[in-house]
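Chain by chain, the residues run as shown.
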Amino acid sequence: MWFSIASSFLPRVLGLALLMASASAAEPAVALLTTGSINDGGWSQLAKQGLDKLTAAGSRTTVVQKVSADQAGTELRDCAADGFDLVIAHGYEFLNPAAEAAKTITTTKFAVSGADVERPGIVSIDFDVSQASYQLGIIAGTLTKSGKLGFIGGGAFPSVKACYRGFVAGAKSVRADVTVAEAYTSWDQVAQNKSQTEAFISQGIDQIYPDVDAAARGVYEAIKEHNTANPQKLVWTYGCVGDANANPAAGQWTLASAIIRLDEAFAHVAKQVRDKTWKPGIVRENLATGTCVAVLNPVLLKGPIDAALQAKITAAGAALIAGTLTIPDERPAPAAPAAK
Amino acid sequence: MILKWAPMSEAIIAVGAATLALALVVGGLAIAGFSPWSVIAVGWAGIAGSPLRLAICAQEAIPLLMCGLAATLALRSGVLNIGLEGQYLLGAVAAVAVLTLGPVGSCLPWLALIAGGLAGALWCAVAVGLERGRGVPLVLSTILLNVIAIHVVGVCVQGPLHDPATAAPQSAMVPDGSRMPLLFAGTPLHVGFLVAVMLAVALWLMQRRTALGFELEVIGLNPLAARFAGIPVGRRELTAALGSGALAGIAGAMQVAGVTWFLSSDVRSYGYAGIAVALLGRLHPLGVIPAAFFFSGLDLGARQLERRLDIPHDLGDVTKGLALAAVLVAGALSRRLGSSRPGTP
Amino acid sequence: MIRFASITKTFSGVTALAGVSLTAATGTVHGVLGENGAGKSTLMRIAFGLERADHGAIEIGSSENRTSSGPRSPRDAARLGLGMVHQHFTLVPTATVTEACVLGASHGLGLVDHAAWQARIRATAAMLQWQIDPDARISSLGVGQQQRVEIIKALLSVGSVQGTASPFSARGVLILDEPTAVLTPQEVDELLPAVRRLAAAGTTVLFISHKLHEVERVCDAVTILRRGAVVHSGPVAGLSTQRMAELMVGTTVNLPSPARQPVTGAPALVITKLSERANAPAPRLTDVSFTVHQNEIVAIAGVDGNGQTALVRCVLGLDRADAVVTPGIPADQRLAGVERIGLIPDDRQHEALVMELSIERNLVLKDHHRPPFARYGWLDFAAWRAHAVDLVQRFSIRGAGPAATVASLSGGNQQKVVIARELHRQPKLIVAINPTRGLDVAASAEVLERLVSARDHGAAVLLVHHDLDELLSVADRVLVLFGGRMTDSGWPACDRAHIGRLMLGVA
């Protein structure tokens, strides 16, 4: 076991040294804090992939994974002490610790990705996937046979609710009589999401949009089991945040994914630091910025997603960007509790 | 001499186990091609490389120490309180409620500690009530209440304690004026550290020098003999359970009042870690202090190793596990050797 | 056939078995009778491989199966052809009957042929004319049914280890340890014919009991043990239950204890019509009334399990009982109040002492929270040490000093720690339960002397004791508990055989 670790570490250690030597003075050194493991197959892993793009572009980078809100203050301070120019704290959980750190640390810039509020001294990056979800809704509304759609969220957070609203609005825009069942499960319980999916399928739902991070594996497995057993009554699904179009369980039944291109978002803030155009505030990433977009499953473009449907999706995207089409904002009054 | 816990040999067991675990892990890294000296140097620098890092190490030891004391109090009395995790969380919730909903003031953090202690004790009382009233074993009920506590936190940070400024499930920040005062300016170490050390000494004196401590020790060793000696076993066990819950609750309150200054659904609890710390500290209130530092130091050192040498920081947890396994095995062996050799004065 | 040849066993100086020889012929039911502590259990534990004899040999089935000092383990015993049904069942409640039997057998690393086991269970049950569902859960079975499963399990375990298909090999020996203790009379009536059928099928049965009429009904021959030695061995026919009882408790005419002044003290324990709840487990205490005065030792004789435990718990205030009055001691203060009862419990290691703690700490237990040992909850260890030094000397506790753990002491000195703690305050009422259990002769005598001396200094002593000889040597009055009911034997105006008959319910 140790030998295998050795063989995988040694080149990395050497490579790190080489990278540090070759890092261009212009590219900022970037540290990434993640809440989960960088192998979680979801939110944290996507961030690591985004960071890898910066590494490839010549930045000195490091990643600190599995950081809880309790430890975040220490880790942020540590990264600053290590001379990183920018710390991307990947998760709303880091908002308060980052704002506290920014009070005393001026040499290092802090960006919190996934945060929806402004705090002095830091950049909050807010991702709005509702528009891409609208485009997914158009597909679902067009392709559903039963007229019954399902949405599964990992938690009833506003960002998740926004995806739901976008999906509903998109579906109703092509077929007014669709119904969309919504359920909120968990970000990490694969089995729970699987059983929720099975429940949806048994209700006759044939389009299921999961926004449950890596636990979507449970959704896809349930769909695979159903579709393998009932090839004449297929259930279709989607991806959210990450690109699930090639997921091993149900890739062939995954029509499209509403993705967040974290690499783009990270590159934006890194560029601001490099160009010294960095200023605290909130950065809103959405369809227009090219960061939160719908990606159609390329293998299904000749099948269910025909040219006419593709045209509809494109047109809606243009209208959303132009502002001629808006998703009804039902964001509840901030203080109201969001029941789980 | 009076206290028949033979603290010296206990300390040797614990230190030996910790050393063995460290040696195994560093040795393994050496086989994997890392220079042991650089591993030790980098790890040590992560723990004590600067006064700031030392302060961080002490700060991270606080919740471990508090939960370790809570576990010591319960386990020494034969009360299997596995619910420190939940009691800690409830303490944190109560403290955040006091600190963010109440007025601002320098006495607030102390009120928050009291509230946290009460909440932790109350959460433990639920488990004791289930045991007394319904016959649910404490081990089970406390574990299940841990799960419920996580959801209580989730509900609170989305409901009554939710920060209206954000959609994220988290509480508002504790205002500057209501935070635990810092021990040294420029470091994150707050005065809760002194409180925790004083509580350790107080618990030690309680166990060693008071009738209550003696009765709890007797109950822990032989509850039947305690009953036949007229000790109100049920009431004393309740005292130990509530005290243990209160200590865990204070730990949670200290963490939000002195370190995080807010609560989110992603909160980390130190309850299970506290049980491990207590076992490594050989269930001695003063032994728990170095054990807590060992754990927090391993965390810090391992993270430094990950950042500098790309060694996964999970090796820190591996080291903790090895130390714990070694200390338990050594403890069992020494008991066996001790029992085969009666008549030790 | 099973033959014990001159089995001797001592436990730390106490002789449990002194050259016991016993032969049970093939296909017979052989009763083994004796009081508690007579050595029955030790003998059977040696036969089953749970203990090793110091001397002697056991032969099971035939002379080639002769092992000196007994089988090495229960598995070894099964290989030799011996199975045992314990008084306390050893079944897993959640298992099925078949699973329980499979668990009891040994099959190396092989797979379990479930169907074959079910067939074997059915066949065995059929031979004994029992109805057993092999798929029933143990927890769903009544006590009598569970015992049948235990018997089948024991038979099959022997068969499986020996590799024979039939559980009734001619060499098979089955030990039934007090099999009727937990049964209702109806269940007893069903069990005894099955035992006869077992014998008829060729199994040798050792039937341990102290219920004389059952022995009379089911056994071909009987061996009676008393104080670790065989006092009688022979056919049951022609032996009356009266005679058996006399043999069990001994016929030596003990003179009553030295003449004593008539009882004059005030009542220290008054029990008036004490009865347990109607749904209490048998034997239920029923209308127990007696008084213990100061300056007297009232002894309760009886075979274990006839209500002694419940009686003692009521006296100590562990169970609420308004029928029990201890003048001057409130019920909740009986154990640790200032005027507390001096208690010498049955199991000193579990009920009286904390083995891991020092002599000093055990001696102060019960007084640790009162001055001079503690003030305002703060302990004064100097007072503890002085107290311990004083008691160690007064009660001649021999060990490595007050700081040594109680675990390091011999049994007799452990009991002295208990007695020192309980008697040094000269309590008005002393409750002693089997105070000499496990002690050698000298230590036993010392314990009894302490009780007599306490009595002479005015204490009221309630002595619950399993050893009739010791009990009679110190008792002023002897009451007998049988089946939860109490009878005054009239001692010392009666002989010990009368007490023996009362204890066994044959008077």
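Residues numbered from 1 in each chain as written. Chains lettered and ligands numbered in written order. Predicted model: local features only at pLDDT ≥ 70, side-chain atom pairs only at ≥ 80, totals over all residues. Heavy atoms only, no water.

Chemist: Please provide a residue-by-residue account of the overall build of chain A, values included.
Modeler: Looking only at helices and strands, one finds ten helices and twelve strands in chain A. Evaluated residue by residue, chain A yields a buried proportion of 54% over its 340 residues. Pairs at least 24 apart in sequence give 70% of the contacts found in chain A among residues at least 6 apart. Of the roughly 14100 Å² that chain A leaves accessible, carbon and sulfur atoms contribute 57%. (Helix = DSSP H or I, 4+ residues; strand = E, 2+ residues; numbered from the N terminus. Buried < 20%, exposed > 50% of the residue type's maximum accessible area, 1.4 Å probe, protein only. Contact = heavy atoms within 4.5 Å. Areas by Shrake-Rupley, 256 points an atom, 1.4 Å probe, with all protein chains shown as cover.)

Chemist: Run through the overall build of chain C, naming residues and quoting values.
Modeler: Within chain C, the secondary structure is distributed over 16 helices and 21 strands. Its C-alpha atoms give chain C a radius of gyration of 25 Å, within 12% of the compact-globule value 23 Å for 507 residues. A principal-axis box enclosing the C-alpha atoms of chain C has dimensions of 70 × 50 × 45 Å. By the burial criterion, 57% of the 507 residues in chain C qualify as buried. When contacts within chain C are restricted to residue pairs at least 6 apart in sequence, long-range pairs at least 24 apart make up 68% of them. Summing over all exposed atoms, chain C offers an accessible surface of approximately 20300 Å²; the carbon and sulfur share of this is 54%. Computing the positive centroid from 49 side-chain charges and the negative centroid from 47, chain C places the two 2 Å apart. (Rg over C-alpha atoms; globule rule 2.2 N^0.38 Å. Lys, Arg positive; Asp, Glu negative; His and termini not counted. Charge placed at Lys NZ, Arg CZ, Asp CG, Glu CD.)

Chemist: Would you mind going over the pattern of salt bridges in detail, with residue names and values included?
Modeler: Side chains that carry opposite charge are capable of pairing whenever their charged atoms lie near each other. Counting across every chain of the model gives 58 salt bridges over all chains. With a closest N to O distance of 2.7 Å, B:R307 and A:E75 form a salt bridge. Of this pair, B:R307 sits in helix α12 (residues 288–309) while A:E75 sits in helix α3 (residues 69–81), each in a different chain. Under the relative-accessibility criterion, B:R307 is labelled buried at 8%. (Salt bridge = Lys/Arg side-chain N within 4 Å of Asp/Glu carboxyl O.)

Chemist: Can you break down the interface of chain C and chain B residue by residue, with the values?
Modeler: Every contact between the two is made by 32 residues of chain C and, on the other side, 24 residues of chain B. Among the residues of chain C in contact with chain B, C:R361, C:W378 and C:F381 are the three that bury the most area, contributing 20% of the side total. For the pair chain C and chain B, the interface holds one salt bridge. Taking the shortest distance from any N to any O, the salt bridge between B:E217 and C:R361 comes out at 2.8 Å. (Buried area = accessible area lost by both parts, 1.4 Å probe.)

Chemist: With reference to specific residues and values, describe the domain arrangement of chain A.
Modeler: When the parts of a complex come together, some accessible area is lost, and that lost area is often taken as the interface size. Residues and elements named next belong to chain A. We note that the domain assignment places domain 1 (10–128 + 262–285) and domain 2 (130–260 + 290–322) within chain A. Spacing between the C-alpha centres of domain 1 and domain 2 amounts to 30 Å. Residue-level contacts link twelve residues of domain 1 with nine residues of domain 2. Put simply, domain 1 and domain 2 have zero salt bridges between them. Connecting domain 1 to domain 2 are four residue pairs in polar contact (both at pLDDT 80 or more). When residues of the side of domain 1 that touches domain 2 are traced back to their parent elements, those giving at least two are α2 (43–56) and α9 (262–274). Element by element, the count of residues in the side of domain 1 that touches domain 2 is highest for α9, at four residues. (Domains from an automatic or database assignment. Polar contact = N/O pair within 3.5 Å; in protein donor to acceptor, adjacent residues only side chain to side chain.)

Chemist: If you had to explain the environment of C:P281 to someone new, which residues and values would you point to?
Modeler: Here C:P281 is to be found in the loop between β11 (267–274) and β12 (288–293). Look at C:P281 and you get exposed, because its relative accessible area is 65%.

Chemist: Break down the side chain of C:T223 for me, with residues and values.
Modeler: Residues and elements named next belong to chain C. You can see T223 is positioned in strand β9 (residues 221–226). The class of T223 is buried, set by a relative accessible area of 0%. Looking at T223, its side chain comes within polar contact range of the side chain of H30, at 2.6 Å. Separated by 2.8 Å, the side chains of T223 and S233 make a polar contact. Those residues in contact with T223, other than ones at most four positions away along the chain, are L22, H30, G31, V32, L33, V230, H232 and S233.

Chemist: Please set out the packing of aromatic side chains residue by residue, giving values where relevant.
Modeler: All names here are of chain A. Within the structure shown, the criterion is met by twelve aromatic pairs over all chains. Measuring from centroid to centroid gives 6.1 Å for Y209 and Y238, while their planes differ by 80°, and the two rings are edge-to-face. One end of the pair, Y209, is in strand β8 (residues 207–211); the other, Y238, is in strand β9 (residues 236–241), and 29 residues separate them in sequence. The buried category is assigned to Y238, whose relative accessible area is 0%. It is R60 that lies over the ring of F84; its NZ or CZ is 4.2 Å from the centre. (Phe/Tyr/Trp six-rings, centres within 6.5 Å; stacked < 30°, edge-to-face > 60°. Lys NZ or Arg CZ within 6 Å of the ring centre and 35° of its normal.)

Chemist: Can you lay out the packing of α3(A) against helix α3 (residues 51–76) of chain B for me, pointing to particular residues and giving the numbers?
Modeler: It is the contact of α3(A) with α3(B), at a shortest axis distance of 11 Å, that shows an interaxial angle of 170°. Relative to α3(B), the element α3(A) is oriented roughly antiparallel. Both α3(A) and α3(B) take part in a crossing whose hand is left-handed. Residues A:Q71, A:T74 and A:D78 of α3(A) touch α3(B), and the partners they reach there are B:R53, B:I56, B:Q59 and B:E60. Taken together, the residues of the contact of α3(A) with α3(B) sort by class into one nonpolar, three polar and three charged. (Axes fitted to C-alpha atoms, helices over the stretch in contact; angles between N-to-C directions. Parallel < 35°, antiparallel > 145°, perpendicular 65-115°, else oblique. Left-handed = near helix turned anticlockwise from the far one by under 90°. Nonpolar A, V, L, I, M, F, W, Y, C, P; charged D, E, K, R; others polar.)

Chemist: Break down the packing of α3(B) against helix α11 (residues 271–280) of chain B for me, with residues and values.
Modeler: Residue and element names in this part refer to chain B. Where α3 contacts α11, the two axes come as close as 7 Å, and the packing angle between them is 65°. By the angle between their axes, α3 is roughly perpendicular relative to α11. Crossing hand, α3 versus α11: right-handed. For the pair formed by α3 and α11, the contact residues are L64, C67, G68, A71, T72 and L75 on the first element and G271, A273, G274, I275, V277, A278 and L279 on the second.

Chemist: Lay out the interface of chain A and chain B with the relevant residues and their values.
Modeler: Chain A puts 43 residues into the contact, and the matching count from chain B is 51 residues. Of the roughly 3900 Å² buried between chain A and chain B on both sides combined, carbon and sulfur atoms contribute 52%. The interface formed by chain A and chain B contains ten salt bridges. We note a salt bridge from B:R53 to A:D78, for which the minimum N-O separation is 2.1 Å. On inspection of chain A and its partner chain B, the count reaches ten residue pairs in polar contact (both at pLDDT 80 or more). Of all elements in the fold, only α1 (2–22), β2 (61–64), α3 and α4 (95–104) of chain A reach the threshold of two or more residues within the side of chain A that touches chain B. Looking at the side of chain A that touches chain B residue by residue, the classes come out as 23 nonpolar, seven polar and 13 charged.

Chemist: Which residues make up the arrangement of the chains, and what values go with them?
Modeler: Here two pairs of chains are in contact, and chains A and B lead that list by number of contacts. Separated in space, chain A and chain C share no contact, their closest pair of C-alpha atoms being 29 Å apart.

Chemist: Run through the pairing of β12(C), naming residues and quoting values.
Modeler: All names here are of chain C. Residues V288, F290 and V292 of β12 are buried on one face, while the alternating residues S289, T291 and H293, pointing to the opposite face, are not. Across five bridges, β11 lies against β12 in antiparallel orientation. Within β12, the position partnered with V270 by the bridge is T291. (Pairing = 2+ DSSP bridges.)

Chemist: Describe in detail the side chain of B:T72, supporting the description with residues and values.
Modeler: Residues and elements named next belong to chain B. Here T72 lies in helix α3. Using a relative accessible area of 0% as the deciding quantity, one classes T72 as buried. If we skip the residues at most four places from it in the chain, T72 touches Q207, A278, L283, H284, P285 and V288.

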